[in-house]
Amino acid sequence: GYDGLCITDGKRILYCNKVLQNLLEMDVASMANLSLPELLHFEMSNEKNHDSWKELCEKAPWMEEGHLLTNTGKHIEVEIRANNHLFEGEDAVVLAIHDISEKSENLRSQRENKILMEGMLRNLEKAREKAEDAEKAKGKFLANVTHEMRTPLTAILGLSTALEATSLGQDQED
């Protein structure tokens, strides 16, 4: 999107464009008598809020990200770039204010998706380990059952073979 522009001498507003008016949800009449701190309620993301707007304007050029409070109380994530310029023959600072809420939301969404994917991968790994353990248990069970059945069957087969090899007496045949 386009940047909201505000030109200031560090204390008062010299100019604001329509994009900034829309971003702040204010009209020109509402902005006319506001000082810079009254217009731009800005909280920097890197916790440098101790600087006043006047001090910040003196440090131009700079770029900061943070939260801006709109006229209706909504917080939006913005990037503000400040540069020194002449405006109508006076030293001024141009503040370019860009709404990065969508970009930040996309990054948050990507981080959340990454966390979900990592959780799913951990669950899949646990499921794979359980399946491998179950396969080992099945193999061990079958080996034990086979051994337990083979031993008596071998004895029965051996006895059957021995009985076939011997002749039966008259009493045994009846």
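Okay, so let's go over this structure. Values in this document were obtained by computation on a predicted structure and should not be read as measured data.

Focus: the pairing of strand S1 (residues 4-8)
(1) Moving on: Burial runs high along S1: 4 of the 5 residues are buried.
(2) Moving on: Looking at chain direction, S1 and strand S6 (residues 90-99) are connected through 5 bridges and run antiparallel. Following the sheet pairing, Leu5 is matched in S6 by Ala96.

Some points on the nonpolar core
(1) Moving on: Counting residues in each nonpolar core, the largest one holds 23 residues, and the members touching the most others are Cys6, Leu20, Leu24, Leu39, Leu40, Leu95 and Ile97.
(2) Moving on: Listed by contribution, the elements that provide at least two residues to this core are strand S2 (13-16), helix H1 (18-24), helix H3 (36-39), helix H4 (53-58), strand S4 (62-69), strand S5 (75-87) and S6.
(3) Moving on: For this core, the leading source of residues is S5, giving 4 residues.
(4) Moving on: Not counting residues within four places of it along the chain, the set of residues in contact with Ile97 comprises Asp3, Gly4, Leu20, Leu23, Leu40, Leu68, Val78, Glu79 and Ile80.

A look at unusual backbone geometry
(1) Moving on: Unlike most non-glycine residues, Glu25 shows phi in positive territory, near 60 degrees.
(2) Moving on: Its place among the elements puts Glu25 in the loop between H1 and helix H2 (28-31).
(3) Moving on: Looking at Glu25, the relative accessible area reads 31%, which means it is partly exposed.
(4) Moving on: One non-glycine residue, Glu88, lies in the positive phi region at around 50 degrees.
(5) Moving on: Here Glu88 shows up in the loop between S5 and S6.

Focus: the pattern of salt bridges
(1) Moving on: For the structure shown, the criterion picks out 5 salt bridges.
(2) Moving on: Ionic pairing is found between Glu25 and Lys74, a salt bridge with its closest N-O pair at 3.7 Å. Of this pair, Glu25 sits in the loop between H1 and H2 while Lys74 sits in the loop between S4 and S5, placing them 49 residues apart in sequence.
(3) Moving on: Residue classification places Lys74 among the partly exposed residues on the basis of a relative accessible area of 44%.
(4) Moving on: Residue Glu132 pairs with Arg128 through a salt bridge whose shortest N-O separation is 2.4 Å. Of the two residues, Glu132 and Arg128 both sit in helix H5 (residues 101-165), 4 residues apart, roughly one turn of that helix.
(5) Moving on: Residue Arg128 is classed as partly exposed on the basis of its relative accessible area of 38%.
(6) Moving on: Through salt bridges that share partners, Glu125, Arg128 and Glu132 make up one connected network.

Reading the values: the criteria
- Residues numbered from 1 in each chain as written.
- Predicted model: local features only at pLDDT ≥ 70, side-chain atom pairs only at ≥ 80, totals over all residues.
- Heavy atoms only, no water.
- Buried < 20%, exposed > 50% of the residue type's maximum accessible area, 1.4 Å probe, protein only.
- Helix = DSSP H or I, 4+ residues; strand = E, 2+ residues; numbered from the N terminus.
- Pairing = 2+ DSSP bridges.
- Core = buried A, V, L, I, M, F, W, Y, C linked by side-chain atoms within 4.5 Å.
- Contact = heavy atoms within 4.5 Å.
- Salt bridge = Lys/Arg side-chain N within 4 Å of Asp/Glu carboxyl O.

Purely spatial values, then, with no claim about function.
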